[in-house]
Amino acid sequence: SETPAPATAGPQGGGVSGGRKIVRKVIAADNSCLFNAVSYCLEGRRLDMAPELRELIGSVVLSDPETYCEPVLGKAPGAFR
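Here goes a summary of the coordinates provided. Everything numeric here is computed off the predicted structure, so don't read it as measured data. (Residues numbered from 1 in each chain as written. Predicted model: local features only at pLDDT ≥ 70, side-chain atom pairs only at ≥ 80, totals over all residues. Heavy atoms only, no water.)

A few words now on the overall build of the protein chain. From N to C terminus, the protein chain includes 3 helices and 0 strands. Across the protein chain, helices and strands are ordered from the amino to the carboxyl terminus as α-α-α. Out of the 81 residues in the protein chain, the part that is buried amounts to 15%. In the protein chain, of all internal contacts separated by at least 6 residues, the share reaching a separation of at least 24 is 0%. For the protein chain, the exposed area adds up to about 6500 Å²; of that, 55% sits on carbon and sulfur atoms. (Helix = DSSP H or I, 4+ residues; strand = E, 2+ residues; numbered from the N terminus. Buried < 20%, exposed > 50% of the residue type's maximum accessible area, 1.4 Å probe, protein only. Contact = heavy atoms within 4.5 Å. Areas by Shrake-Rupley, 256 points an atom, 1.4 Å probe, with all protein chains shown as cover.)

This is the structure in structure tokens:
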């Protein structure tokens, strides 16, 4: 079994692999931090997509009440509007 090298041992010094780096980005704690973080990673570092992502996730949750029921979500699906 191999032991993985520490993240600082990447080929370009500080990279995880292939010269990539892990970057810590501070996201506003505005009750949309998850959506802001996801949009930052997936939408080219944009921080203005939180309302759109929140709406999308809410509509998916409400469209499938069997999968996204209260026991699974920890609160009523209507709370995700």
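If you trace the backbone, C33 turns up in helix α1 (residues 33-42). A relative accessible area of 41% means that C33 is categorised as partly exposed. The spacing of C33 and L47 is 14 residues in sequence and 9.6 Å in space, taken between C-alpha atoms.

This brings us to the packing of α1 against helix α2 (residues 50-63). For any two helices packed against each other, the geometry is given by the interaxial angle and the distance between the axes. Packing of α1 against α2 brings their axes to within 8 Å, and their N-to-C directions diverge by 110 degrees. For the element pair α1 / α2, the angle class is roughly perpendicular. Where α1 abuts α2, its residues F35, N36, V38 and S39 lie against A50, L53, R54 and I57. Of the residues that constitute the contact of α1 with α2, the class distribution is 5 nonpolar, 2 polar and 1 charged. (Axes fitted to C-alpha atoms, helices over the stretch in contact; angles between N-to-C directions. Parallel < 35°, antiparallel > 145°, perpendicular 65-115°, else oblique. Nonpolar A, V, L, I, M, F, W, Y, C, P; charged D, E, K, R; others polar.)

Under the definition given, this model contains 1 salt bridge. For D48, the salt bridge identified is with R46, shortest N-O distance 3.0 Å. A residue is classified by how much of its surface remains accessible, and R46, at 37% relative accessible area, is partly exposed. (Salt bridge = Lys/Arg side-chain N within 4 Å of Asp/Glu carboxyl O.)

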